[in-house]
Amino acid sequence: MKITEHIAQAKDTLISFEVLPPLKGKSINSIYEHLDPLMEFKPSWINVTYHRSESMFKKKTDGTFEKVEVRKRPGTVGICAAIMNHYQVDAVPHIICGGFNMRETEDALIDLNFLGIDNVLALRGDAPKNEASFSPEPGGNNYAIDLLKQVTNLNNGIYLDEDIQNGGKTDFCIGVAGYPEKHFEAPNPEIDLRYLKEKVDAGAHYIMTQMFFDNQKFFAFVEACRAAGITAPIIPGLKPLTSKKQLSVLPRIFHVDIPTELSNEIMKCKTDAECEQVGAEWLVQQSKELKQFGVPVLHYYTLGKPSIIHQVVQKVI
Ligand code: FAD
């Protein structure tokens, strides 16, 4: 079922989760072990992230090094199919521009359609770790809006090869990313919002946000979106802060602010377990306030911490 249908039919705030594919070599059971405890909350869907390959230097037998492309977390499409089969719940794959040309993307979308997947979250992706800025593959999509337009074209039966006219159309519900604290490359929030509106005007059905720890930033973002004429549902992405290290890591990697009140509480903690309790309680309060605000869905990034998410959701629903 489409995300927009889930939202339209909901009688209460929905819950959804996001998982990362396990590191290469791990079994699908690691995903089930991660999700099993969370299934009691009857999530409406589960997102599965996509990870591009990274360049690595591997030593050859003659002692020289060769550059190889390694995908550390492959399997997004397979995990989506496994989740749908195992739990009878919708799975939402993330699809990214980075690392794919448009033909590869078209093939992937055809696979997803054959698997009965109704939704995709269309993203640009980031630059590989060893590169300063994002650049598309030759023949690949440059921005999320270009990928979105490719999916929309397929929804209208328009394939890359114009002579393909078999009448086959996909029918994906398409989500895009939004940033309550601005995407780090955008010069200012107004320009970032302009590009977000372009994505919605080009056919995005809903927006899913980057994590944030200050609800006021989300409320201001929603207000700015509505003032700009964006009417699509806006789903908050939520994550617990679980260690002192994250006080510096999360702002650096995800470009989000940590409120002083939360960082002060975390700084007082003596153990990781205490940090987890503070982070969980903060997320409970955030979630309750967002629910009261009327968000359609509370979407939790589970990121290896399903027990904390379990603790939080139990107190929220
Ligand atoms: P875009 O919408 O393309 O925006 C990128 C930047 O370009 C922004 O600064 C924007 O303001 C600007 N911009 C947009 N359109 C234009 C234009 N036409 N001309 C000029 N500038 C423009 N990454 C992954 O690799 N895998 C994942 O699974 C993944 N999941 C994510 C899930 C969520 C909910 C979020 C919020 C992010 C996720 N990311 C993921 C990270 C995401 O790929 C990065 O944040 C990336 O840097 C931007 O992606 P985007 O789709 O927002 O890009």
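Residues numbered from 1 in each chain as written. Predicted model: local features only at pLDDT ≥ 70, side-chain atom pairs only at ≥ 80, totals over all residues. Heavy atoms only, no water.

Explain the packing of helix α10 (residues 272-293) against helix α11 (residues 306-316) to me, please; I cannot follow it from the model alone.
In a packed pair of helices, the relevant descriptors are the angle between the two axes and the axis-to-axis distance. At their nearest, the axes of α10 and α11 sit 9 Å apart, and the two run at 35° to each other. Pair α10 / α11 crosses with right-handed handedness. Between α10, through Glu276, Gln277, Ala280, Glu281, Leu283, Val284, Ser287, Lys288 and Lys291, and α11, the contact on the second element is made entirely by Ile308, Gln311, Val312, Lys315 and Val316. A breakdown of the residues in the contact of α10 with α11 according to their chemical character gives six nonpolar, three polar and five charged. (Axes fitted to C-alpha atoms, helices over the stretch in contact; angles between N-to-C directions. Helix = DSSP H or I, 4+ residues; strand = E, 2+ residues; numbered from the N terminus. Left-handed = near helix turned anticlockwise from the far one by under 90°. Contact = heavy atoms within 4.5 Å. Nonpolar A, V, L, I, M, F, W, Y, C, P; charged D, E, K, R; others polar.)

What is the right way to look at the site of the ligand in this model?
Around the ligand, the surrounding shell holds 23 residues, and the nearest of these are Tyr50, Asp126, Tyr179, His183 and Lys199. In the model, a nitrogen atom of the ligand is placed 3.5 Å from a nitrogen or oxygen of the Tyr143 side chain. Coverage of the ligand by the protein amounts to 87% of the 980 Å² it exposes when considered alone. Breaking the shell around the ligand down by element, the ones donating at least two residues are β5 (90-96), β6 (119-123), α6 (189-201) and β8 (206-211). The residue makeup of the shell around the ligand, split by class, is twelve nonpolar, six polar and five charged. (Near = heavy atom within 4 Å. Polar contact = N/O pair within 3.5 Å; in protein donor to acceptor, adjacent residues only side chain to side chain. Areas by Shrake-Rupley, 256 points an atom, 1.4 Å probe, with all protein chains shown as cover.)

I would appreciate a short explanation of helix α4 (residues 102-114) in the present structure.
It helps to recall that an α-helix has 3.6 residues per turn; residues three or four apart then point in one direction. A rise of 1.5 Å per residue sets the reference length of α4, with its 13 residues, at 18 Å; its end C-alpha atoms lie 18 Å apart and thus fit the reference within 8%. The inward-facing, buried residues of α4 abut α3 (76-87), β5, β6 and α5 (144-155). Where α4 begins, the capping side chain belongs to Asn101, and its oxygen is found 3.0 Å from the backbone nitrogen of Arg103. At the C-terminal side of α4, Gly116 shows a positive phi close to 85°. (Expected span 1.5 Å × (residues − 1).)

How should the side chain of Glu106 be read in this particular structure?
Looking at the element boundaries, Glu106 is found in helix α4. Despite its burial, Glu106 remains without a salt bridge, the nearest opposite charge being carried by Arg103 at 5.4 Å. In this view, Glu106 contacts Gln150, Leu154, Tyr159 and Leu160; residues no more than four positions away in its chain are not counted. (Buried < 20%, exposed > 50% of the residue type's maximum accessible area, 1.4 Å probe, protein only. Lys, Arg positive; Asp, Glu negative; His and termini not counted. Salt bridge = Lys/Arg side-chain N within 4 Å of Asp/Glu carboxyl O.)

It is not clear to me how the nonpolar core should be interpreted in this structure. Could you clarify?
Most often, soluble globular proteins keep nonpolar side chains buried together rather than apart. One finds Ile83 and Tyr300 to be the most contacted residues of the largest nonpolar core, which totals 64 residues. Looking at this core, the element that brings in the most residues is α3, giving six residues. Discounting residues that sit within four places of it in the chain, Tyr300 has contacts with Ile15, Ser16, Phe17, Glu18, Leu238, Leu283, Ser287, Ile309, Val312, Val313 and Val316. If you look at the next biggest cluster of nonpolar residues, it comprises 15 residues, including Ile3, Val92, Leu123 and Cys173. (Core = buried A, V, L, I, M, F, W, Y, C linked by side-chain atoms within 4.5 Å.)

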